[in-house]
Amino acid sequence: MNNPISINRQKVKEALKDFTLPWSPHIRLLDTDLIETLHIENQKIHITLKVPNVDPAQVEPLRAKIEHHLSQLKDVEQARVFMNAISSGLHDPTISKRLVFPPKQTGHTKSDTTSIKANNIKNAKPIETLNSVKCVIAIASGKGGVGKSSTTVNLAIALSQKGLKVGIMDADIYGPSIPHMLDLKGKVEVRDHKLIPMTAWGISAISIGMLVPTNQAVIWRGPMVMGAVKQLLSDVKWGELDIMLIDMPPGTGDVQITLGQSIKLDGAIMVSTPQDIALLDAKRGISLFQKTRTPILGIIENMSYFLCPRCQEKTYIFGQDGVKKEAKALNIPFLGEIPILPAIRTASDEGIPITVQQPDGPESQAYHAIADLIYPAICKTGLANSKNS
Ligand SMILES: Nc1ncnc2c1ncn2[C@@H]1O[C@H](COP(=O)(O)OP(=O)(O)OP(=O)(O)O)[C@@H](O)[C@H]1O
Ligand SMILES: [Mg+2]
């Protein structure tokens, strides 16, 4: 087939010949090895830039300038320039500075949630590494500390105990807790420029907590956080998964926005405690997912009741059916109650989740009941398949 398109590597290089480094203006970009990869396919240019050991904020203008300049070239439909930390080497002490993968739209702040357009997702580039993942579900909440991570981990294990291949992506960039809850230590393997998820109890997991020293990400700004999320989405070799759970940070910030704009989630599950559900936060969280047309699969009430270990009597410390009623009012399915039990907390702290320690215990049964609702009902019937349609 004849290809009338005239954009090629030579023309890209020609277009970049006068670019210099913002931090060393006397050095030409093309005289450095900062351009790590350059791919041209169907009028789309894809460049990865190595991030040198300078403040990423200094690299960002260069990245944006290249992207803008190349987008203007004749015969170019799209130009994307990414800063790539992973190929520059993990576990380097400077990794937190390098782990930046600025998205096309930068500058969102927490108050920017209203700028999300429902149809943004239509323009999202399919993420190749997620092709082998049948179903992606976010576990979210409006408020912090309600039990998203505990729920994610135990639900993941309950699902895997049913014979499913399950992965967890820890999207909590500021406060990753999955490595601790699954007792995952050591280094993430990198193969062919892709991260290989760590595994525990049959679950594959990736987390920023495995890549940068604890507490480093706390100081990151919006674009860096969004970049990290994108990297966790596109640079991980998941392999075949039946279901991936994304452990979200609380609220409606940069992570939620980036995810909503980057991938088509099959659904979101909200976690709430009985006393929090009436708060605006939870509703704001729900409305953010609705903006990106992510189906809200339901709400889980965590810490619903105390289960007396001797008599098995349930005590609804914060009142009964609060979340159930609110779910009904919001027209969202209620997925079930999880008791508040010290064993759930201590198991998480030990890195051996309760569903592993006592798979037949009453706590585990609560997670299994929810897993039964999620799968196969949600993942196998249409929602996941619609991704390919
Ligand atoms: N059902 C439960 N019973 C007892 N303790 C629980 C239960 N669910 C969660 N916890 C404990 O509550 C604390 C907060 O839980 P978790 O970290 O899962 O919340 P989170 O919503 O992920 O928090 P964050 O918003 O900070 O990410 C943890 O110490 C956890 O072990
Ligand atoms: Mg958490």
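What counts, and where the lines are drawn
Residues numbered from 1 in each chain as written. Chains lettered and ligands numbered in written order. Predicted model: local features only at pLDDT ≥ 70, side-chain atom pairs only at ≥ 80, totals over all residues. Heavy atoms only, no water. UniProt positions renumbered as here; feature names shortened; annotations may be inferred. Buried < 20%, exposed > 50% of the residue type's maximum accessible area, 1.4 Å probe, protein only. Helix = DSSP H or I, 4+ residues; strand = E, 2+ residues; numbered from the N terminus. Arc of directions from axis to C-beta. Contact = heavy atoms within 4.5 Å. Patch = residues over 30% accessible without salt bridge, like charges linked within 9 Å, V, L, I, M, F, W, Y side chains within 5 Å. Areas by Shrake-Rupley, 256 points an atom, 1.4 Å probe, with all protein chains shown as cover. Salt bridge = Lys/Arg side-chain N within 4 Å of Asp/Glu carboxyl O. Polar contact = N/O pair within 3.5 Å; in protein donor to acceptor, adjacent residues only side chain to side chain. Near = heavy atom within 4 Å. Nonpolar A, V, L, I, M, F, W, Y, C, P; charged D, E, K, R; others polar.

The name given to the protein chain in an unreviewed UniProt entry is Iron-sulfur cluster carrier protein, with the source organism recorded as Commensalibacter melissae. Comment text from UniProt for the protein chain, heading Sequence similarities (unreviewed entry), reads "Belongs to the Mrp/NBP35 ATP-binding proteins family." The UniProt entry for the protein chain carries the following text under Subunit (unreviewed entry): "Homodimer."

All right, on to helix H10 (residues 342-350) then. When H10 is considered as a whole, its buried residues turn out to be Ile 344, Ala 347 and Ser 348. Buried residues of H10, viewed axially, fall in a sector of 100 degrees; they line one side. Among the exposed residues of H10, those pointing more than 90 degrees away from its buried face are Pro 342 and Arg 345. Of the surrounding elements, those touching the buried residues of H10 are helix H4 (148-160), helix H5 (178-181), strand E17 (334-338), helix H11 (354-357) and helix H12 (362-374). Of the residues trailing H10, Gly 351 is marked for its positive phi of about 80 degrees.

Another point: a nonpolar patch on the surface. Taken together, the side chains of Phe 306, Ile 317 and Phe 318 make up a nonpolar region of the molecular surface, amounting to roughly 260 Å² of accessible area. Mapped onto the secondary structure, Ile 317 falls in the loop between strand E16 (314-315) and helix H9 (322-330).

Let's shift gears to the side chain of Gln 256. Within the element layout of this structure, Gln 256 appears in helix H7 (residues 254-262). Judged by relative accessible area, Gln 256 falls into the buried class, the value being 6%. Of the polar contacts made by the side chain of Gln 256, one reaches the backbone oxygen of Pro 249; its length is 2.8 Å. With near-sequence residues (within four places) excluded, Gln 256 lies in contact with Met 248, Pro 249, Pro 250, Gly 251 and Leu 288.

Right, let's get into the UniProt feature "binding site: ATP" (unreviewed entry) in the protein chain. The UniProt entry lists Gly 142, Lys 143, Gly 144, Gly 145, Val 146, Gly 147, Lys 148 and Ser 149 under the feature "binding site: ATP" (unreviewed entry), expressed in the numbering used here. Within the secondary structure layout, Gly 142 lies in the loop between strand E6 (136-140) and H4. Since its relative accessible area comes to 13%, Gly 142 is described here as buried. If near-sequence neighbours (up to four positions away) are discounted, Gly 142 is found in contact with Pro 250, Gly 251, Met 270, Asp 281 and Ala 282. Tracing the backbone through its elements, the reader meets Lys 143 in the loop between E6 and H4.

This part is about the site of ligand 1. Around ligand 1, the structure places 18 residues, and the nearest of them are Gly 145, Lys 148, Ser 149, Ser 150 and Pro 339. Backbone polar atom of Gly 145 to an oxygen atom of ligand 1: 2.9 Å apart, as the coordinates give it. Contacts to ligand 1 include Gly 147, whose backbone N or O atom sits 2.9 Å from an oxygen atom. Protein chains bury 80% of the 620 Å² of accessible surface belonging to ligand 1 in isolation. At the level of secondary structure, the elements contributing two or more residues to the shell around ligand 1 comprise H4 and H10. Of all the elements, H4 adds the most residues to the shell around ligand 1, at three residues. Class assignment for the residues of the shell around ligand 1 results in nine nonpolar, six polar and three charged.

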